[in-house]
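A look at the structure
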Amino acid sequence: MVQEFLGKEENVFQGRSILAETSMTPAEMEYLIDFGLHLKYLRKHNIPHRYLEGKNIALLFEKGSTRTRSSFVTSAVELGAHPDYMGVNDIHLGNKESVEDTARILGSMFDGIEFRGFKQSTVEGLAKFSGVPVWNGLTDEWHPTQTIPDLMTVKENFGHLKGLTLTYMGDGRNNVANSLLVACSMVGMNVHIVTPKELNPSEKHVAIAKKNAEVSGSEILITDDIDKGVKGSNVIYTDVWVSMGEKNWEERVNLLKPYQVNMELMKKTGTPDDQLIFLHCLPAFHDTNTTYGEDVYEKYGIKEMEVTDEVFRSDYCRAFEEGENRKHGIKAIMAATLGNLFIPSVALH
Ligand code: CP
Ligand code: NVA
């Protein structure tokens, strides 16, 4: 055993960027899930873990955020680093300065960069030209700092991942759906995407998941048949019907109304209550206490969108635990890729 460690004392994550689930091997993803849970334990027990002492972190946001921003800021501080938030109107990125030039400047001053925005090519460009680790805090295509905390939440609830079935209901080709499809296929969870045909995930994302599934044994089902899709689920997951940057409310409300997560749908799983949870990346439209919620009620007459208030407030719901886990998972990603940690590669086999 000792031999295994000799000569392998490098941190295999050191200097790496996390731009999508495809930035990691399945073993690396499982490592980050467990490391996130470990960091949560340290935080809860007030055990210091200042792995990024003296580092500077740039947080670039083209889109709004509550959880991702708060997670990066509080994690950076607890790791001993200094975060600097740069909103869309604060810097020149995209307007007066190219991704390449911005990346070269930020990389010369900061030790790590988070990016939330529209194009996947922007986060890839930042990684290519900055020379420091870059973390994708959500693009139109992927949301990897969501899925690691999501799978932490699943593991906390069930004690394991392999063999469980996660069913994603709703817009099957958005960032969260893409990330869950691929992440579950990596860790051996069965993944069902239940969505109207018009919103099926792209061939590219399905092909990645299918390739992973050949190794992990995960089963993949993409269907518009709700009864078939939810049967046997352990996790029912949904996300907003209209993602940031999109505007097609009427079309989506009409298409996705039948895919709403309500109590009837939870019962259709046929799964015993203690083997079934509900997850949502948040924010969620489960009532009319938001301007969008009010607007949709006025125009289309529905008070709840992707999930009913009843399910959202039920014992199935783990969305707030999931939201808190964003912080611990994001902390794991930053610490592993930027901290000088001993993460022996033996742990990743
Ligand atoms: N789930 C998520 O990314 O939340 P925010 O948009 O609040 O960051
Ligand atoms: N699909 C959603 C996720 C929000 C966390 C969006 O992009 O708006």
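The present account deals with the structure reproduced in this document. (Residues numbered from 1 in each chain as written. Chains lettered and ligands numbered in written order. Predicted model: local features only at pLDDT ≥ 70, side-chain atom pairs only at ≥ 80, totals over all residues. Heavy atoms only, no water.)

Overview of the site of ligand 1
Condition: Near residues are defined by distance, with any heavy atom within 4 Å of the molecule or strand qualifying the residue. Here a polar contact means two N or O atoms within 3.5 Å. Within protein one must be a hydrogen donor candidate and the other an acceptor candidate, and residues neighboring in sequence count only if both atoms are side-chain atoms. Using a 1.4 Å probe, the Shrake-Rupley method yields the accessible areas, and only the shown protein chains count as cover for residues. Just so you know the grouping, Ala, Val, Leu, Ile, Met, Phe, Trp, Tyr, Cys and Pro go in nonpolar, Asp, Glu, Lys and Arg go in charged, and all remaining residues, Gly too, go in polar.
Residues in contact with ligand 1, as listed here, are Ser 65, Thr 66, Arg 67, Thr 68, Arg 116, His 143, Gln 146, Cys 281, Leu 282 and Arg 326. A distance of 2.6 Å is found between an oxygen atom of ligand 1 and a side-chain nitrogen or oxygen belonging to Ser 65. His 143 is positioned such that a nitrogen or oxygen atom in its side chain is 2.9 Å from an oxygen atom of ligand 1. Contact with the protein chains removes 95% of the 260 Å² of surface that ligand 1 exposes when unbound. Class assignment for the residues of the shell around ligand 1 results in two nonpolar, five polar and three charged.

With respect to the site of ligand 2
Lining the immediate environment of ligand 2, one finds Leu 138, Asn 174, Asn 175, Val 176, Asp 239, Val 240, Ser 243, Met 244 and Leu 282. Within the side chain of Asn 175, one N or O atom sits 2.8 Å away from a nitrogen atom of ligand 2. Taking Met 244, its main chain carries an N or O atom lying 2.8 Å from an oxygen atom of ligand 2. About the coverage of ligand 2: the protein hides 95% of its 260 Å² of free accessible area.

Looking at unusual backbone geometry
In plain terms, the rule: Helix and strand labels come from DSSP, where a helix needs a run of H or I of at least four residues and a strand needs a run of E of at least two; each type is numbered from the N terminus. Each residue gets one of three labels from its accessible area relative to the maximum for its type: buried under 20%, exposed over 50%, partly exposed in between, using a 1.4 Å probe on protein chains only.
Cis rather than trans, the peptide bond between Leu 282 and Pro 283 has omega equal to 5 degrees. When you line up the elements, Pro 283 lands in the loop between strand E9 (277–280) and helix H12 (291–300). With phi around 55 degrees, Asn 46 is a residue other than glycine that occupies positive phi space. Here Asn 46 lies in the loop between helix H2 (26–44) and strand E1 (56–61). On the secondary structure map, Leu 282 appears in the loop between E9 and H12. Look at Leu 282 and you get buried, because its relative accessible area is 10%.

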